[in-house]
Amino acid sequence: MIKIKVALLYYTEDMEKYIVSATKSCKSEKSAAELFKKNFTQKNLEKTIEELLNVGHMSPFEFGEFIFSVEGVSRQLTHQYVRHRIASYLQQSLRSVKPKGYNFIVPPKLIESKNLGLIIKYIKQQKEAFDLYREAIELGLNEEDARTILPIGVKTNIVCKMNARELLQNFFYLRCCQNAQWEINMLAYTQLLAVKIVSPKIFENAGPSCIFDGKCKDLINAKLKSREDSKFKHKCLYYQKCFKETRKKVEKINRLAEKLRKEFVEKGHIAVDLTKLLGYKAPKNIKKAVSSAIGEEIDLDYKVFLEISP
Ligand SMILES: Cc1cc2nc3c(=O)[nH]c(=O)nc-3n(C[C@H](O)[C@H](O)[C@H](O)COP(=O)(O)OP(=O)(O)OC[C@H]3O[C@@H](n4cnc5c(N)ncnc54)[C@H](O)[C@@H]3O)c2cc1C
């Protein structure tokens, strides 16, 4: 079963207060330590956060940190994840942990193609890779080299620490965009929901570039090109439609975050199934046809779970 679980393990408590005290210390006789002791009202904290975001003074947001445990994603995803350099990572090692069974992801778009022949070929080929991997180890090849046989869709776990600035200006900005690859896009939206639950003011307008600062580079580009070439008018329409869809999706996330925040405040933890919103459920007839062709039950759903239990 493809089941990814994102757990928010840690976030800076009193994050808004750290950010505001540090910011105010820039223009005060008082140190950040002295200012931190002050009793800021929630309204006061939120006003400063809003001003910082409005003027683009982003370095104070580096004082708020988050640790995410990400479980069951592909190495294809983690390869993209770790490209975000203003973060810390530790990933499960294939030298130490041999994958059990057939531990690979099946892209929902492949299933959506409804090309049964291709889906079955894909699954058989992935399984063969795992079989060859185990055979190679049995024949004496070390894990470090045997792992090169495994597909890029092999599942893995990773833990990541990112600060609020990196999330706002870089990770969500790029990876919540519909242009981003589907799996990291799904992870970015799961993380977006998590931070909106615990830090609503800081992440109030967080999301892809079109939401965060109203800049869709693709739309700007298409508009410029359409002045010379009419075929780019279609591209403009496409990106305008994409913006509307993205806005709807982020609004859904906002509404869910608001609902879950209440639960989080009450219980102190959250465990939620996001499959309907962010994951994928394969059609029953495809599941049945694939399972009968492969000779065993193959679960093609992509289930997504979020846990917050700091
Ligand atoms: C849609 C999409 C397609 C992509 N396709 C490809 C691809 O085909 N091939 C590929 O290799 N990558 C690709 N990438 C990854 C991309 O090149 C970046 O590595 C990734 O998005 C991380 O962005 P970043 O470097 O801005 O982020 P981070 O590394 O997190 O850096 C954050 C910010 O810090 C600053 N910064 C960090 N390091 C430096 C530095 N050394 N010098 C100056 N400033 C720095 C920059 O302002 C940067 O934006 C793609 C990304 C996306 C979103």
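Whatever comes next refers back to the structure up there.
Report on the accompanying structure. Note that the structure is a prediction, hence the values are computed from the model and not measured.

## Quick notes on the pattern of salt bridges
Link 1 in the chain: Counted by the stated rule, this structure contains 14 salt bridges.
Link 2 in the chain: Between E65 and K161 there is a salt bridge, and its shortest N-O distance comes to 3.6 Å. On the criterion of sequence distance, the pair formed by E65 in strand 2 (residues 65-74) and K161 in strand 4 (residues 155-163) is long-range, its members being 96 residues apart.
Link 3 in the chain: The partly exposed category is assigned to E65, whose relative accessible area is 25%.
Link 4 in the chain: For K287, the salt bridge identified is with D301, shortest N-O distance 3.0 Å. Taken together, the positions of K287 in helix 14 (residues 284-294) and D301 in the loop between helix 14 and strand 6 (302-308) put the pair 14 residues apart, joining distant regions of the chain.
Link 5 in the chain: Judged by relative accessible area, K287 falls into the partly exposed class, the value being 21%.
Link 6 in the chain: One continuous salt-bridge network, built from bridges that share partners, spans E50, K201 and E204.

## Focus: the site of the ligand
Link 1 in the chain: Taken together, the residues surrounding the ligand are R83, H84, R85, I86, E166, N170, L174 and R175.
Link 2 in the chain: Here an oxygen atom of the ligand sits 3.5 Å away from a polar atom, N or O, in the main chain of I86.
Link 3 in the chain: The contact in question runs from an oxygen atom of the ligand to an N or O atom on the side chain of N170, over 3.0 Å.
Link 4 in the chain: Protein burial of the ligand: of its 940 Å² of free accessible surface, 43% is covered by the chains.
Link 5 in the chain: For the shell around the ligand, a count of residues per class yields two nonpolar, two polar and four charged.

## Considerations on the layout of surface pockets
Link 1 in the chain: Approximately 410 Å³ is the volume attributed to the largest pocket.
Link 2 in the chain: Considering the residues around the largest pocket, the lining is formed by 16 residues, among which K109, W182, N185, K249 and L278 are closest to the centre.
Link 3 in the chain: Of all the elements in the fold, those that place two or more residues in the lining of the largest pocket are helix 5 (108-112), helix 9 (182-198) and helix 13 (275-278).
Link 4 in the chain: Looking at side-chain class alone, the lining of the largest pocket contains nine nonpolar, four polar and three charged residues.

Cut-offs and rules
Residues numbered from 1 in each chain as written. Predicted model: local features only at pLDDT ≥ 70, side-chain atom pairs only at ≥ 80, totals over all residues. Heavy atoms only, no water. Salt bridge = Lys/Arg side-chain N within 4 Å of Asp/Glu carboxyl O. Helix = DSSP H or I, 4+ residues; strand = E, 2+ residues; numbered from the N terminus. Buried < 20%, exposed > 50% of the residue type's maximum accessible area, 1.4 Å probe, protein only. Near = heavy atom within 4 Å. Polar contact = N/O pair within 3.5 Å; in protein donor to acceptor, adjacent residues only side chain to side chain. Areas by Shrake-Rupley, 256 points an atom, 1.4 Å probe, with all protein chains shown as cover. Nonpolar A, V, L, I, M, F, W, Y, C, P; charged D, E, K, R; others polar. 1 Å grid on protein atoms, 1.4 Å probe; cavity = no way out; pocket = protein on both sides within 12 Å on 5 of 7 lines; lining within 4 Å. Points joined across faces, edges and corners; volume = space filled by probe spheres on them.

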